[in-house]
Every structure is written in C-alpha cells, then in structure tokens.
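Remarks on the overall topology
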Amino acid sequence: MKKWRWMAAVALSFLIAFFIIAAFIYTPEEELSTEPKESEQPAETIPAQEQQIETDEPEEDEQESEEKEGKLSEGLREVFTSVIESARDVFIKDDLNIVAIGDSLTQGVGDSTENGGYIGILEKTFNANPDTETLNITNYGKRGNRTDQMLERMEDEKIAESLQEADLILITIGANDVMKVVKNNFTSLNYQDFVEEQEGYENRMRNIFSRVQELNPDAPVYLVGLYNPFNQYFTNIPELGKIMGDWNDISRRVTADYEQATFIPIRDLFEGNEEELLWEEDLFHPNERGYKKMAERVLQYIREDIEQ
C-alpha cells in the first residue's frame, strides 16, 4: 500500500510539473483570419426576434466590461501610487536612455494591466514627474529566454546598437535556465542536477556581461536577481531554496567582477508573499503588485545613476 501511495504521489508531482513548465515557457500566438465563419450571417438575414435577443446581450457584456475596467482602474491606481510617491523627489537626467533586456520578467508577463511589468511601472513613474523632459526606455524582454538565447539576441544589430547607446541597462535572466534543468531531468529530478549546471550557467553569465561591457563600457548595468516560486510545487526537493540561492550567489559573484555591474536582490520581496504577489494564472510570474515591489526595489538601486 505504501508503494502505491508513493507511486501516486510521484505521478502527481510529474503532472503538476508538466503544467508548470508549459505555463512558464509557452507563449501563445494570436491567429488572425480574414475568412468569415460558416455560422456568421449578414445582419439583415437575422429575424427581428433574434436581433432583439442579440442586442440585449451586449448590454450585459458592456456592464460587466465596465465593472472590470473599474476594478482594473482601481488596481492601476494602487499599483502606481506608492511607486510614484517614493519617486516624487527624483529629478531625472535629461535625455536619459534606458535599455532593458532579458526574459519574461523584463517583458512583463503576468501584469494584467498590460503596462509592461516593472519596466512599465518605472517608465510611468518617471513620466509622472512634470520636470522629466525626455526619457526613453527600450524593452527587449522575451518570454522563455535563457542565458544562451539572450547571448544570441545580443548579436542582433538593433539590440547591439541600443545597448551601445544606453545610459543605463537593466537585465533579468536565469529563471529559464533553472526550468531547463527541470525539463531535462523531469523523471528523476534532484539537487545534483542543478549543481552540474552551475558552471555552464556562470560561464554564460560572464559572457553576457563581457558582451555588454564590450558594447558599452561606461553604462551602469543592473542584474535583477531571482525569487523562488518552486517550493509549493516540488515538495519532493527540499533543497529548492538552496538551488535559487546558488543561482543568486553566482549572479552576485559575476556582477562583483565587473566594475559597472550591480546585483539587485528581490527574493526577499516574494518570500512568504507568493499568494499576494504572484500571477494567479501560473503562480510563477509576478502579478502587477509583484512588479510594483520589483519596481520599488530597482528604483532604490538605480536612483543615483538616473538623478540629475
């Protein structure tokens, strides 16, 4: 009986992990079609009674939509208020050019306000200051990016040129490297699998910073650290907390070797607050409140470099 219970628990863990990987890596694409559906009919061919029914339904949808928009507006105010309050006395340098590059945390996946996550919050915060004249934030975040993929993207002419012209560079990367280990060792995942990948991860991180330094030796570079969303899913790996700590330690070690680089920790922001700060769709990415916390922390670190 114990054996069957153990096998059932393992099977359940695998099933949960499969959905987590899919939610974390998959990026849906919109499918557009100009062909009319067979069920669609011209308005004039629909009987008057059916037209009445159809005109009644949108009113209910419109009311629901207005309610949702009202709630969203309240959420937006809540998200932006504290960030703006903490930055009221920040006077941004003229013609400041910020470039953000990395994974889904740079892209802003999980931000239901669709304002670009912590990058969007920072941008709106700076632009809310009437004394800010010209501010440009270019976002090269791409969901699913690992360190090796980011290195390839940095060779793109447009991205390389943006990095060369940046006054300040923000980076989020590393979480998908962890997810790759999970995916490749799905049936027999253990702590040692992550340890074996650390050397390669550190080498790729050093290559990223070397490339940034080669393109732009003067701009300050900030690497945002990792938080730990795994504990609630992989209960059979108690070392997961140490794994994320190891990855952050590597990032700290790498940034310490580059004069212009700084590591920004965020793990403490999410620890114990996962339910409040993570996106309910996958419980991996931050929601708008989580991104607000990130924006506040990032602002604390970059403030000296962006002020007049």
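As shown above, the structure is provided for reference.
Fair warning: this is a prediction, and the values are worked out from it, not measured in the lab.

Calculation rules
- Numbers given for residues are sequential positions, taken from 1 along each chain in its written order.
- Local features in this predicted model are restricted to residues whose pLDDT is 70 or higher, and side-chain atom pairs enter the listing and the counts only when it is 80 or higher, whereas totals over whole chains, interfaces and linings include all residues.
- Only hydrogens and water are set aside when side-chain values are computed; all heavy atoms of the structure are taken into account.
- Counting from the N terminus, the helices are DSSP H or I runs at least four residues long and the strands are E runs at least two residues long.
- In what follows, a contact means two residues having at least one pair of non-hydrogen atoms within 4.5 Å.
- The accessible surface values rely on the Shrake-Rupley method and a 1.4 Å probe; as for residues, cover is taken only from the protein chains in view.
- Note on patches: the residues involved have over 30% relative accessible area and no salt bridge, like charges join within 9 Å, and the nonpolar side chains Val, Leu, Ile, Met, Phe, Trp and Tyr join within 5 Å.
- Salt bridges are defined as contacts in which a side-chain nitrogen from Lys or Arg sits within 4 Å of a carboxyl oxygen from Asp or Glu.
- For this count, His and the chain ends are skipped, Lys and Arg are scored as positive, and Asp and Glu as negative.
- Every charge is mapped to an atom, namely NZ of Lys, CZ of Arg, CG of Asp or CD of Glu.
- Burial status follows relative accessibility: with a 1.4 Å probe on protein chains alone, a residue under 20% of its type maximum counts as buried, one over 50% as exposed, and anything between as partly exposed.
- Axes here mean lines fitted to C-alpha atoms, for a helix over just the part in contact, with angles spanning 0 to 180 degrees between N-to-C directions.
- Roughly parallel here means an angle under 35 degrees, roughly antiparallel means over 145, roughly perpendicular means 65 to 115, and every remaining angle is called oblique.
- Note: crossing handedness is left-handed where the near helix turns anticlockwise from the far helix by less than a right angle, and right-handed where it turns clockwise.
- Ten residues, namely Ala, Val, Leu, Ile, Met, Phe, Trp, Tyr, Cys and Pro, are considered nonpolar, four, namely Asp, Glu, Lys and Arg, are considered charged, and the remaining ones, Gly among them, are considered polar.
- Whether two strands pair comes down to DSSP finding at least two bridges between them.
- Classification of ring pairs rests on two measures: the distance between centres of Phe, Tyr or Trp rings, Trp counted by its six-membered ring, which must be within 6.5 Å, and the angle between planes, read as stacked under 30 degrees, edge-to-face over 60 and tilted in between.

1. Let's talk about the overall build of the protein chain
Assigned secondary structure in the protein chain consists of 12 helices and five strands. Once local pairs closer than 6 in sequence are excluded, the contacts in the protein chain between residues at least 24 apart make up 79%. Total accessible area on the protein chain stands at roughly 17500 Å², and carbon and sulfur atoms take up 46% of it.

2. Details of a negative patch on the surface
A cluster of acidic side chains, namely D156, E157, E161 and E165, defines a negative patch on the protein surface. Checked against the element boundaries, E165 lands in helix α6 (residues 157-165).

3. Regarding helix α7 (residues 175-184)
When you tally the buried positions in α7, you get seven out of 10 residues, the bulk of the element. Every buried residue belonging to α7 is among A175, N176, D177, V178, M179, V181 and V182, and all of these are buried.

4. Some remarks on the packing of helix α8 (residues 191-215) against helix α9 (residues 240-256)
At a minimum axis separation of 10 Å, α8 and α9 run at an interaxial angle of 25°. One way to sum up the angle between α8 and α9 is to call them roughly parallel. Crossing hand, α8 versus α9: right-handed. Where α8 approaches α9, its residues Y191, F194, E197, Q198, Y201, E202, M205, R206 and F209 are matched on the opposing element by K242, I243, D246, W247, I250, S251, R253, V254 and T255. Residues of the contact of α8 with α9, tallied by class, amount to nine nonpolar, three polar and six charged.

5. Things to note about unusual backbone geometry
Excluding glycine, most residues fall at negative phi; most peptide bonds, likewise, are trans. Phi is positive for D95, which is not a glycine, with a value near 55°. Considering the arrangement of structural elements, one finds D95 in the loop between α2 (48-86) and β1 (96-102). With a phi angle near 55°, E114 is a residue other than glycine that sits in the positive phi range. For E114, a relative accessible area of 73% translates into the label exposed.

6. A few points about the sheet that holds β1
Read across the sheet, five strands follow the order β2-β1-β3-β4-β5 without closing on themselves; strand pairing throughout is parallel. Only two strands of the sheet have a single partner each, and these edge strands are β2 (135-141) and β5 (261-264). For this sheet the average axis-to-axis angle between neighbouring strands, irrespective of direction, equals 20°. Each of β1, β2 and β3 (168-172) touches α6; the most contacted strand, β1, lies at about 135° to it.

7. Notes on the pattern of salt bridges
Per the stated rule, a full pass over the model turns up 12 salt bridges. A salt bridge links E214 to R211, with the shortest nitrogen-to-oxygen separation between them at 3.0 Å. Taken together, the residues E214 and R211, both in helix α8 and three residues apart, mark about one turn of the helix. The shortest N-O distance in the salt bridge between D249 and R252 comes to 3.3 Å. Of this pair, D249 and R252 both sit in helix α9, three residues apart, roughly one helical turn. Under the relative-accessibility criterion, D249 is labelled partly exposed at 39%.

8. What to know about the packing of aromatic side chains
Taken as a whole and judged by the stated rule, the model has three aromatic pairs. Between Y201 and W247 the ring centres are 5.0 Å apart and the planes differ by 25°, which places this aromatic pair in the stacked class. Here W247 lies in helix α9 and Y201 lies in helix α8, a separation of 46 residues in the sequence.

9. A closer look at the packing of α7 against α8
Two numbers describe how α7 lies on α8: the axes approach to 11 Å, and their chain directions differ by 145°. Between α7 and α8 lies a crossing whose hand is right-handed. Residue-level contacts link D177, V178, V181 and V182 of α7 to D193, F194, E197, Y201 and R204 of α8. Residue composition of the contact of α7 with α8, grouped by class: five nonpolar, no polar and four charged.

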